Structures are given as structure tokens and as C-alpha cells.
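Take a look at the letters that make up each chain.
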Amino acid sequence: RIMAFRDGGFGRDQKREAVVEGCLKKIRMYVMPFYVGHRASRGDGVLFVQSSNPLEDFFFEGDVTRRGAKQDRRIVCDYVTPADFDARLVAEDFEIALARRGVLAAVADANNDDRRAALLFRFSCGFVAAVSTPVVPDLRLCAALAEDD
């Protein structure tokens, strides 16, 4: 998939989508039980995934940035209900309000099918993406892992 970035045939949006998908593949085993447990206890919402790094830092697979510094791909996750989104996140960062429609669509999609999860990504460069994705691993396994936590 990384080769797609070096190929001139892919547009900017396709590159961003591929980076978000790649990031999601690396974290879903850890964050999906968190999401499933919070959705069961707090109701409908979105998993808010934030990074203090720009999106481009997730582009390369290496251990160092293009500037030679140690690569730091830490993320912070939080479960946010639609009410929390409006009251807390929009109050902290008014620009994230532009993603409100996408967040509500992702939450609605996840509500229609329990096997889907709603996620909101925000990177330090200002890139924001709201997505609906399958719950992986299986919903029952995530629920069992969430009970252990």
C-alpha cells in the first residue's frame, strides 16, 4: 500500500485515506474493545483518535522521521458521545465543528449495525476524518475483552 504514495496516479485524498486505513489496521486490536465497552456503558458515540504528530508522520514505516528524529507515533483515544462532541470538543477547537456532519453520519452508520464502529481521527496538522469501520476482532470477543478492563 505504501507504494501507492510513490505512484503519481493517486490523488491527495486517496493518500490520506490510505494513511488513515493503515493507522487503523495497526491500532484496531487495541482500541476496538475500548470502543465496544464504552458504547455498551455510555451509549452511542465515536472513538476519538488524536495524535500530536502530523498525518505525514504516519506515511512512512521507518523508525525515524524524514528529518532523522526518532519516530513517535503515539495516539490518544477517548470515547465521545454526540453531546460531548458539541459541548467539549467544539468548545476546545472550533475547527473540529466542520467534521460534525461526518461524525453524526459515522455514528448513525455504527448504530444501524453493531458490527461497525464510528471513529474520528485528528492529527496535529489539522487533518480530521470521521469514518465508520467494521469492529475487528469479532464483536463478542471485543465485548469479552472490554469486561476484563
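Described below are features of the structure shown in this document. Computed from a predicted model, the values in this text were never measured in an experiment.

### Let's talk about a nonpolar patch on the surface
Link 1 in the chain: On the surface, Met-29, Tyr-30 and Val-136 cluster together into a nonpolar patch covering about 340 Å² of accessible area.
Link 2 in the chain: Tyr-30 gets classed as exposed once you look at its relative accessible area, which sits at 66%.

### Re the packing of helix H2 (residues 12-42) against helix H5 (residues 139-148)
Link 1 in the chain: Close contact between H2 and H5 brings their axes to 8 Å; oriented N to C, the two are set at 80°. It follows from the interaxial angle that H2 and H5 lie roughly perpendicular. Side by side, H2 and H5 meet where Met-32, Pro-33, Val-36, Gly-37 and Arg-39 of the first sit next to Leu-139, Cys-142, Ala-143, Leu-145 and Ala-146 of the second.
Link 2 in the chain: Of the residues in the contact of H2 with H5, the class split is eight nonpolar, one polar and one charged.

### As for the pattern of salt bridges
Link 1 in the chain: Applying the stated criterion across every chain, the model contains eight salt bridges.
Link 2 in the chain: The salt bridge partner of Asp-109 is Arg-116, with a shortest N-O separation of 3.0 Å.
Link 3 in the chain: For Asp-109, a relative accessible area of 30% translates into the label partly exposed.
Link 4 in the chain: For Arg-140, the salt bridge identified is with Asp-138, shortest N-O distance 3.1 Å.
Link 5 in the chain: For Asp-138, a relative accessible area of 40% puts it in the partly exposed group.

### Some remarks on the side chain of Ser-51
Link 1 in the chain: Note on placement: Ser-51 falls in the loop between strand E1 (46-50) and strand E2 (76-80).
Link 2 in the chain: The class for Ser-51 is buried, based on a relative accessible area of 8%.
Link 3 in the chain: Only 3.4 Å separates the side chain of Ser-51 from the backbone oxygen of Arg-74, close enough to count as a polar contact.
Link 4 in the chain: Other than its neighbours up to four places away in sequence, Ser-51 contacts Phe-58, Arg-74, Ile-75, Arg-122, Phe-123 and Ser-124.

Cut-offs applied
Residues numbered from 1 in each chain as written. Predicted model: local features only at pLDDT ≥ 70, side-chain atom pairs only at ≥ 80, totals over all residues. Heavy atoms only, no water. Patch = residues over 30% accessible without salt bridge, like charges linked within 9 Å, V, L, I, M, F, W, Y side chains within 5 Å. Areas by Shrake-Rupley, 256 points an atom, 1.4 Å probe, with all protein chains shown as cover. Salt bridge = Lys/Arg side-chain N within 4 Å of Asp/Glu carboxyl O. Buried < 20%, exposed > 50% of the residue type's maximum accessible area, 1.4 Å probe, protein only. Axes fitted to C-alpha atoms, helices over the stretch in contact; angles between N-to-C directions. Helix = DSSP H or I, 4+ residues; strand = E, 2+ residues; numbered from the N terminus. Parallel < 35°, antiparallel > 145°, perpendicular 65-115°, else oblique. Contact = heavy atoms within 4.5 Å. Nonpolar A, V, L, I, M, F, W, Y, C, P; charged D, E, K, R; others polar. Polar contact = N/O pair within 3.5 Å; in protein donor to acceptor, adjacent residues only side chain to side chain.

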